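Listed below, chain by chain, are the residues.
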Amino acid sequence: MVRLSVEISDFIAADFEGKLRAAQSLGIHNLETGDRFDGVRLDDMTGAELERIRSLLIDYNMRIVLLTTAIPAGDREARKRLFRRALQLDVEAICLDLGAGGDADFTQRLADSYSMALCVENRADGAYPDEVRLLEVVREHGAKVIFNPLEIVKTERHPFFHAYYNSKIKNDIRFLRICDGLYREHTPVRLGHGCAEVKELTSILLCRVYDGYFSFIPYLPEMDLEAYRDCVETFKNLLKHC
């Protein structure tokens, strides 16, 4: 069966339990989150604060499959604390800036020691704007890919025919962002109304026995719960025709 994951925005719920309730209402039990929980960064949490978050995940039958952190590569002590606490929460993968040289190697060793996947996401204006740069970090550090077709659209290339089809990152995609946007305007639109080629990407990934996640994120402005529901239902209908 396909695996869905979701990041609930602060626009819908500012507190962690509210995010869990929102994800539950969508029928999704794989959560994506930042590194702050109710205002406290994960690496700064006390034991009691960490246990509270762990208990909520158990109560709602949720798992954090992707945690994104902005802790800089040079802050090694903070990164060590983050990975230790992420292990206690059974986090599957962490998305971060790998840094360069020794910092990247240090982060890779951390991830290996805690058996967590390191993930990087393509961003039109970021360090990994395309499949070429993604492949470099995959080969050098064993990173997994968060493939965002909307960010490819923003570079005025086709996500499936240009970025995916001839690339060598196919087996390294762990998350496919379910989002859509317009080629010329670079603006997000409702799923199925843009140029992100989500159906083509989904179909080819499933043909390759994809074991990653189809990831729902708040990519539309002020995306409320009804917009999430619309996106999830549109994607499910798309799946039935793949």
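Predicted model only: the values in this text are computed from it and were never measured.

Attention now moves to the overall build of the protein. Looking only at helices and strands, one finds nine helices and ten strands in the protein. Compactness check: the protein gives a C-alpha radius of gyration of 17 Å against a globular reference of 18 Å for 242 residues, within 12% of the reference. Out of the 242 residues in the protein, the part that is buried amounts to 50%. As displayed, the protein offers around 11300 Å² of accessible surface, 48% of which is attributable to carbon and sulfur atoms. The average position of the 32 basic charges and that of the 39 acidic charges among the side chains of the protein differ by 4 Å.

So, on to the packing of helix α3 (residues 76-88) against helix α4 (residues 102-113). In a packed pair of helices, the relevant descriptors are the angle between the two axes and the axis-to-axis distance. For the pair α3 and α4, interaxial distance at closest approach is 10 Å and the crossing angle is 20°. Here α4 runs roughly parallel to α3, going by the angle between their axes. Of the two possible hands of crossing, α3 and α4 adopt the one that is right-handed. Between α3 and α4, the contacting residues are Arg76, Arg79, Lys80 and Phe83 on the first element and Gly102, Asp103, Phe106, Thr107, Leu110 and Ala111 on the second. Class assignment for the residues of the contact of α3 with α4 results in four nonpolar, two polar and four charged.

Taken N-terminus to C-terminus, the directions of helix α8 (residues 198-207) and helix α9 (residues 225-239) make an angle of 55°; their axes are 10 Å apart at the nearest point. Considering the angle they form, α8 stands oblique to α9. Crossing angle aside, the handedness with which α8 passes α9 is right-handed. Across the interface between the two elements, Val198, Lys199, Thr202 and Leu206 from α8 touch Phe235, Leu238 and Leu239 from α9. For the contact of α8 with α9, the class distribution of residues is five nonpolar, one polar and one charged.

Summarising the element assignment, Phe147 is placed in strand β8 (residues 144-147). What makes Phe147 buried here is its relative accessible area of 1%. The sequence separation of Phe147 and Arg123 amounts to 24 residues, and the corresponding C-alpha distance is 9.2 Å. If we ignore the near neighbours within four places in the chain, the residues touching Phe147 are Asn122, Ile152, Pro159, Ala163, Ile169, Ile173, Phe175, Leu176, Arg177 and Leu201.

Moving on: the pattern of salt bridges. A pair can form between side chains of opposite charge whenever their charged atoms are brought close. Tallied over the entire structure, the rule returns 22 salt bridges. One salt bridge in this structure joins Arg184 and Glu156, with 3.3 Å as the shortest N-O distance. Note that Arg184 is positioned in the loop between β9 (173-177) and α8 and Glu156 in the loop between α6 (149-153) and α7 (159-164), a separation of 28 residues in sequence. One continuous salt-bridge network, built from bridges that share partners, spans Glu32, Glu121, Arg123, Glu151, Lys154 and Arg177.

Our next topic: the environment of Phe216. Following the sequence through the fold, Phe216 ends up in strand β10 (residues 213-216). Apart from the residues lying within four places of it in its own chain, the contact partners of Phe216 are Leu4, Ser5, Val6, Glu7, Ile28, Ile178, Tyr228, Cys231, Val232 and Phe235.

Parameters and conventions
- Residues numbered from 1 in each chain as written.
- Predicted model: local features only at pLDDT ≥ 70, side-chain atom pairs only at ≥ 80, totals over all residues.
- Heavy atoms only, no water.
- Helix = DSSP H or I, 4+ residues; strand = E, 2+ residues; numbered from the N terminus.
- Rg over C-alpha atoms; globule rule 2.2 N^0.38 Å.
- Buried < 20%, exposed > 50% of the residue type's maximum accessible area, 1.4 Å probe, protein only.
- Areas by Shrake-Rupley, 256 points an atom, 1.4 Å probe, with all protein chains shown as cover.
- Lys, Arg positive; Asp, Glu negative; His and termini not counted.
- Charge placed at Lys NZ, Arg CZ, Asp CG, Glu CD.
- Axes fitted to C-alpha atoms, helices over the stretch in contact; angles between N-to-C directions.
- Parallel < 35°, antiparallel > 145°, perpendicular 65-115°, else oblique.
- Left-handed = near helix turned anticlockwise from the far one by under 90°.
- Contact = heavy atoms within 4.5 Å.
- Nonpolar A, V, L, I, M, F, W, Y, C, P; charged D, E, K, R; others polar.
- Salt bridge = Lys/Arg side-chain N within 4 Å of Asp/Glu carboxyl O.

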